[in-house]
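# Structural description and commentary
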Amino acid sequence: MAGFKDLIPIPLQTLPEFIICDIDQHIEPYYIDVAESYGLPADVCSRCAAETGVTIDDAFPIFGKGFLSTNMPCNASEATSMFQRRRINLPYQPVTMAMIHNEPGAHPYSTQELKNAIAFIEKEYGVKYDWNALFERAKHMNEQNAIELEKWDYFKTPYSALVGIAETLYRLYSWASVNGQEDYFTKTDRKVIAIMRKAYEEKYQPFSGKTRHRAFLWGPSAVYYTDFPTWIQNCWGINIVLNMDSTMGHNMISTTDPEQAIKDLALFSEKGVMRHHAVGGWDNVNAVWEWAKNFNCDMVLCNDNVACKGMNGVHALLEEQARDLGFHFIFIEHDLEDSRTVSRQEMRKCVNNYMSVVLNEQPLDPTIVEFDDSAAY
């Protein structure tokens, strides 16, 4: 969208539905109930249910001459988009990206989808796409991604100053909401990498060196429990080195060739959060072990969305491979955006049981093994 320099793109779903769940765990259940009151089954993905509820409740801000609908991040979202298209009732263009994008024909298809989206906006708004405007913003995205890849080198060591939820949230919002379109993020990234370089030179260890395990967090996180990485480090000494959500869209975008740039953008979207590593085919799901190995982790935490039909069939396979490869492995049940189904304490219980029963370890802080935060934001 950066190529339409005189238009203001608004991610309709991201702002009023997705981000707010990081702020208040009690916001989404209302909209989930609205969707279910219209007949949506209760066992569907709570993110899709919440989006559908916002649509049916007419709570999305409606403006502009048209909109793009997508199947991001998973195929269940395509059904959500159908509800939205019917309710919003504006001209629309489906941008249905290839899900299993490792297939030979997937990338040309996804590239054409983006071309179709550009043509739709040009027609509806009477404007021409400006490739130079895109190239200018792509330079910022490329710099942010270059810095991100350097951060990964520090994540592989015990001396990373950027850890836990700070790493996760920053990458999630810089990628999902900004995508190089805000210079402030680029300036912030330069400051952060400077701190990380200095910390590495000084052999600084976060958490006063109390880390016992290095974990890779796989699968879409329960967004009603944002501070889970903070709790697991302080309670059990488990440092979540990197989150699956941070491994998305880090390829560079051409800043000189329009045809190459659109191909790069298609790849950028194909490797978006969840679809690349959770629902993008078995090869992508199975990549978790290589990620964990490369980042020197001895533990893998798998966020187990109880309503994700795409991931429900791989439990036994992942557990078997973890055993064969020598990783400590914990399934952490959650319901993505509905804290009523699986509470925060029940998520913590998955960890508590494994650490105390399987590994026979004692908590660093026994006072936070169990506590009631059901009414907290």
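Residues numbered from 1 in each chain as written. Predicted model: local features only at pLDDT ≥ 70, side-chain atom pairs only at ≥ 80, totals over all residues. Heavy atoms only, no water.

### As for the packing of aromatic side chains
Note the following rule: In this scheme Phe, Tyr and Trp rings, the latter by its six-membered ring, pair at centre separations within 6.5 Å, and the angle between planes marks the pair as stacked below 30 degrees, edge-to-face above 60, and tilted otherwise. Counting from the N terminus, the helices are DSSP H or I runs at least four residues long and the strands are E runs at least two residues long. Using a 1.4 Å probe on the protein chains alone, a residue whose accessible area is under 20% of its type maximum counts as buried, one over 50% counts as exposed, and one in between counts as partly exposed. In our convention, an over-ring charge means Lys NZ or Arg CZ found within 6 Å of a ring centre and within 35 degrees of that ring's normal.
Scanning the entire structure with this criterion turns up 19 aromatic pairs. For the pair Trp152 and Trp291, a centre-to-centre distance of 5.4 Å together with 80° between the ring planes defines the contact as edge-to-face. You can see Trp152 sitting in helix H6 (residues 131-155) and its partner Trp291 sitting in helix H12 (residues 288-294), a full 139 residues away along the chain. Judged by its relative accessible area of 8%, Trp152 falls in the buried class. Taken together, the ring pairs in this structure connect Trp152, Phe216, Trp218, Trp291 and Phe295 into an aromatic cluster. Here the guanidinium or amino end of Lys203 rests over the ring plane of Tyr200, the centre of that ring lying 4.5 Å away.

### Notes on the pairing of strand S3 (residues 213-218)
Quick note on the threshold: Two strands make a pair as long as DSSP finds a minimum of two bridges between them. The definition of a right-handed crossover adopted here requires that, viewed with the strands pointing away, the path from the first strand over the helix to the second runs clockwise.
Extensive coverage of S3 is indicated by the burial of six of its six residues. With burial as the criterion, each face of S3 is covered, one bearing His213, Ala215 and Leu217 and the other bearing Arg214, Phe216 and Trp218. Here five bridges tie S3 to strand S4 (residues 238-243), and the two strands are oriented parallel to one another. When the sheet's bridge partners are listed, Arg214 is paired in S4 with Asn239. Traced from S3 through helix H9 (residues 228-236) to S4, the parallel crossover comes out right-handed. Bridging between S3 and strand S5 (residues 299-305) involves four bridges; their strand directions are parallel. Looking at the pairing, Phe216 lines up with Val300 of S5.

### Some remarks on the side chain of Glu167
This is how it is decided: This count recognises Lys and Arg as positive and Asp and Glu as negative, with His and chain-terminal groups excluded. Whenever a carboxyl oxygen of Asp or Glu lies within 4 Å of a side-chain nitrogen of Lys or Arg, that contact is scored as a salt bridge. Under the rule applied, a polar contact is a pair of N or O atoms within 3.5 Å (in protein, one hydrogen donor and one hydrogen acceptor; residues adjacent in sequence only if both atoms are side-chain atoms). What makes two residues a contact is simply this: any of their non-hydrogen atoms within 4.5 Å.
Mapped onto the secondary structure, Glu167 falls in helix H7 (residues 164-178). For Glu167, which is buried and forms no salt bridge, the nearest opposite charge comes from Arg171, at a distance of 6.4 Å. Only 2.5 Å separates the side chain of Glu167 from the side chain of Ser246, close enough to count as a polar contact. Those residues in contact with Glu167, other than ones at most four positions away along the chain, are Glu148, Phe155, Leu162, Leu242, Asn243 and Ser246.

### Regarding H6
Rules: Given a helix with a known number of residues, its expected span is that number minus one, times 1.5 Å.
Over its 25 residues, H6 extends 35 Å from the first C-alpha to the last, a length consistent with the 36 Å expected when each residue adds 1.5 Å. Looking at where H6 begins, the residue whose side-chain oxygen comes 3.0 Å from the main-chain nitrogen of Asn132 is Asp130.

### What about the pattern of salt bridges?
Applying the stated rule across the entire model yields 18 salt bridges. Here Arg340 ties to Asp33 by a salt bridge, and the two come within 3.0 Å at their closest N and O atoms. In this pair, Arg340 is assigned in the loop between strand S6 (328-334) and helix H14 (344-358) and Asp33 in helix H2 (residues 28-37), connecting sequence segments 307 residues apart. When salt bridges with common partners are traced through the structure, they connect Asp33, Asp338 and Arg340 into a single cluster.

### Quick word on the packing of H2 against helix H3 (residues 46-56)
So the rule is basically this: Fitting a line to C-alpha atoms yields each axis, with helices limited to the stretch in contact; the angle taken between N-to-C directions then spans 0 to 180 degrees. Angle categories: roughly parallel below 35 degrees, roughly antiparallel above 145, roughly perpendicular from 65 to 115, and oblique for all the rest.
One can describe the packing of H2 onto H3 by two numbers: an axis separation of 7 Å at closest approach and a directional angle of 75°. As judged from the angle between their axes, H2 and H3 are roughly perpendicular. Across from Glu28, Tyr31, Ile32, Val34 and Ala35 in H2, the residues of H3 making contact are Ser46, Ala49, Ala50, Thr52, Gly53, Val54 and Ile56.

### Some thoughts on the nonpolar core
Put simply, the test is: What we call a nonpolar core is a set of buried Ala, Val, Leu, Ile, Met, Phe, Trp, Tyr and Cys residues that are connected through their side-chain atoms within 4.5 Å.
Ranked by size, the top nonpolar core spans 50 residues in total, and within it Phe228, Leu301 and Val351 carry the most contacts. Excluding anything up to four places from it in sequence, Leu301 contacts Ala215, Phe216, Leu217, Trp218, Phe228, Ile232, Ile240, Ile330 and Ile332. Of all hydrophobic cores here, the second largest spans 31 residues; its members include Met196, Phe216, Ala292 and Phe295.

### Section: the confidence of the model for the chain
For the record, the criterion: The score called pLDDT rates the predictor's confidence residue by residue, from a low of 0 to a high of 100.
When pLDDT is averaged along the chain, the result is 90; 99% of the residues meet or exceed 70. Averaged over each element, pLDDT in the chain is lowest for helix H1 (residues 14-18) (75) and highest for H14 (97).

### Some remarks on helix H13 (residues 315-325)
So the rule is basically this: As used here, the arc is the angular range of directions from the helix axis to the C-beta atoms.
Three or more residues of H13 are buried, namely Leu318, Gln321 and Ala322. End-on, the buried residues of H13 take up no more than an arc of 105°, which puts them together on one face. Looking at H13, the residues exposed on the side facing more than 90 degrees away from the buried face are Ala316, Arg323 and Asp324. Elements that come into contact with the buried residues of H13 comprise helix H11 (282-285), H12, S5 and S6. Downstream of H13 by a residue or two, Gly326 has a phi angle that is positive, lying close to 85°.

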